[in-house]
Amino acid sequence: MLVFLIDNKLVLCMLSLLSGTKHFTDPWVGNSTLNRLGLHVNRIRLANFASSVRRRFSGSNNDTWTRHFSEHGYVVIPDFLLQADFENLHTHVKDLMLHSLEHNPPSSPLTKGFGAKQPFNGGFDRYDGSTLNRFLDIENPTDQPMAAFTQDVRLDSLCRAVSGFTLDENRLQIYLTRNGEEQDNPDIQKVLHKDTFHSSLKFWYFLEDVNEEDGPFVYVPGSHKVNAKRLKWEHHQALVACGQRKDPHSLNSDRGGSFRLHETELAQMGLPEPLSMPVSANTLIVADTFGFHRRGDAITNTQRLALYGWRRPWPFLLKGW
């Protein structure tokens, strides 16, 4: 929010409403009167329109994977790279992660819930409850063996189909997830949620097998779509988040914008049960995280190793690049 002095009067410019700001702690995004009048759902409608325009002119391929994404909100592509390319990349990434863990041993989680970044040379740790997320920077993502992945035309096409933008190698990281102890400090990412109020891209290229006990990606098929039932649920949660309505059943009284929900709430939106996605190594998962998703339940100290990328554009932009 910006403040301008014009004719000795303070004029408030509500720029946060036209930004990607999602937190209801913002005085405009969380304004109870505006939300009662439909502010939140109208931001969703406008962002959804802009996203559909970006996707239409993005130049993505009209292939099987793109059509599957359009219908379900995610795609799973096994055997993504040729075996030799995969093995070279896996060895390279694993060596980098082992070196990182040896020279920068993880500390204990400092807080409960969504933790702050704990930076070190070449990356950072962040905890979800007691679950460790270690991210490593990639110095030369367009050089081999990384280039076998970053220069794959299917990946770029899917990035366009989801976000309307090309792949951005600068938003690619090496990502280790190590599952923590749920009883004392639970992982909030293991509760169904959406990331924000508009379509956004995330992908994981898994370099090792992910079994059910390792906390696989979980997604609700079709939950990326904007329709009347979804908007009714969003409106109710917005009123809870801004303090306009009381609902002891809701998980969103904390005023965050990444709305969470109970599995039982899916039926009222006409949505199916969540789909768990254990995968073999060399599998790519791409998802629109406006759809409901979570990290799967896991056994303590199991882990996942992946390349991770994301794109969260300005929600009201009509043209990507």
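Scroll up for the structure.
(A) Geometry of the environment of Asn-282. As for its placement among the helices and strands, Asn-282 is situated in the loop between β10 (275-277) and β11 (283-288). On the accessibility criterion, Asn-282 (2% relative accessible area) is buried. Asn-282 sits 196 residues away from Phe-86 along the chain, and the two C-alpha atoms are 6.5 Å apart. In this structure the side chain of Asn-282 is engaged in a polar contact, spanning 2.5 Å, whose partner is the side chain of Tyr-205.

(B) Layout of the side chain of Asn-282. Among the polar contacts made by the side chain of Asn-282, one reaches the main-chain carbonyl oxygen of Leu-81 at a distance of 2.9 Å. Sequence-distant contacts of Asn-282, that is, excluding residues within four places in its chain, are made with Ile-77, Pro-78, Asp-79, Phe-80, Leu-81, Phe-86, Tyr-205 and Phe-206.

(C) View of the pairing of strand β5 (residues 123-128). Across the six residues that make up β5, a large majority, six, are buried. Both faces of β5 are covered, namely the face carrying Gly-123, Asp-125 and Tyr-127 and the face carrying Phe-124, Arg-126 and Asp-128. Sheet analysis places strand β4 (residues 118-120) next to β5, joined by three bridges and oriented antiparallel. What sits directly across from Phe-120, in β5, is Gly-123. Hairpin geometry of β4 and β5 is characterised by an intervening segment of two residues between the two adjacent antiparallel strands and by a positive phi of about 95° at Gly-122.

(D) Representation of the pairing of strand β13 (residues 303-311) within the structure. Burial analysis of β13 places seven of its nine residues in the buried class, which makes it a mostly covered element. Here strand β7 (residues 172-178) pairs with β13 via seven bridges, running antiparallel. Across the sheet, Ile-174 pairs through a bridge with Leu-307, a residue of β13.

(E) The sheet that holds β10, seen in detail. Taken in spatial order, the three strands line up as β10-β9-β12 in an open sheet, and their pairing is antiparallel. The open sheet has two free edges, formed respectively by β10 and β12 (293-295), since each of these has just one partner strand. Sheet twist, expressed as the mean angle between neighbouring strand axes with direction ignored, is 25°. Bridging between strand β9 (residues 217-219) and β12 involves three bridges; their strand directions are antiparallel.

(F) Highlighting the packing of aromatic side chains. Taken as a whole, this structure holds 17 aromatic pairs when the rule is applied. Arranged with centres 6.1 Å apart and planes meeting at 35°, the rings of Phe-197 and Phe-316 form a pair that is tilted. Placement of Phe-197 in the loop between β7 and β8 (201-206) and of Phe-316 in the segment after β13 is noted, with a sequence separation of 119 residues between them. Measuring from centroid to centroid gives 5.3 Å for Trp-233 and Phe-292, while their planes differ by 80°, and the two rings are edge-to-face. Pair noted here: Trp-233 is in helix α7 (residues 228-241) and Phe-292 is in the loop between β11 and β12, with a separation of 59 residues, a long-range link. Pair check on accessibility: Trp-233 and Phe-292 agree, each one buried. Three or more aromatic residues joined by ring pairs form one cluster here, namely Tyr-74, Phe-124, Phe-135, Tyr-175, Trp-204, Phe-217, Tyr-219 and Tyr-308.

(G) Structural context of the packing of helix α3 (residues 64-72) against helix α6 (residues 153-163). It is the contact of α3 with α6, at a shortest axis distance of 10 Å, that shows an interaxial angle of 25°. The angle between the axes of α3 and α6 places the two elements in the roughly parallel class. As α3 runs across α6, the sense of the crossing is right-handed. In contact with Trp-65, Thr-66 and Phe-69 of α3, α6 contributes Ser-157, Leu-158, Ala-161 and Val-162. Considered class by class, the residues forming the contact of α3 with α6 number five nonpolar, two polar and no charged.

(H) Unusual backbone geometry, seen in detail. The amide bond that connects Gln-144 to the next residue, Pro-145, takes the cis arrangement and shows omega of 5°. By the secondary structure assignment, Pro-145 is in the loop between β6 (131-136) and α5 (147-150). The phi dihedral of Asn-282 falls on the positive side, at around 75°, and the residue is not glycine. Positive phi, close to 75°, is recorded for Asn-301, a residue that is not glycine. With respect to the secondary-structure elements, Asn-301 resides in the loop between β12 and β13.

(I) Fine view of the packing of helix α2 (residues 39-56) against α6. Across the interface, α2 lies against α6 with an axial gap of 7 Å and an inter-helix angle of 150°. Regarding the angle of α2 to α6, the classification is roughly antiparallel. Across the interface between the two elements, Ser-51, Arg-54 and Arg-55 of α2 pack against Arg-160, Ala-161, Val-162 and Ser-163 of α6. Counted by class, the contact of α2 with α6 contains two nonpolar, two polar and three charged residues.

(J) Looking closely at the sheet that holds β8. Judged by pairing direction, the sheet is antiparallel, and its eight strands sit side by side in the order β3-β11-β8-β13-β7-β6-β5-β4 without closing on themselves. Across the chains shown, the open sheet's two edge strands, defined by having one partner strand only, are β3 (74-77) and β4. Pairs of neighbouring strands in the sheet enclose a mean axial angle of 20°, with direction left out of account. Bridging between β8 and β13 involves six bridges; their strand directions are antiparallel. Bridge pairing links Trp-204 to Tyr-308 in β13. Contacting β3 and β11, α3 crosses the sheet at an angle of about 140° to β3.

Calculation notes
Residues numbered from 1 in each chain as written. Predicted model: local features only at pLDDT ≥ 70, side-chain atom pairs only at ≥ 80, totals over all residues. Heavy atoms only, no water. Helix = DSSP H or I, 4+ residues; strand = E, 2+ residues; numbered from the N terminus. Buried < 20%, exposed > 50% of the residue type's maximum accessible area, 1.4 Å probe, protein only. Polar contact = N/O pair within 3.5 Å; in protein donor to acceptor, adjacent residues only side chain to side chain. Contact = heavy atoms within 4.5 Å. Pairing = 2+ DSSP bridges. Axes fitted to C-alpha atoms, helices over the stretch in contact; angles between N-to-C directions. Phe/Tyr/Trp six-rings, centres within 6.5 Å; stacked < 30°, edge-to-face > 60°. Parallel < 35°, antiparallel > 145°, perpendicular 65-115°, else oblique. Left-handed = near helix turned anticlockwise from the far one by under 90°. Nonpolar A, V, L, I, M, F, W, Y, C, P; charged D, E, K, R; others polar.

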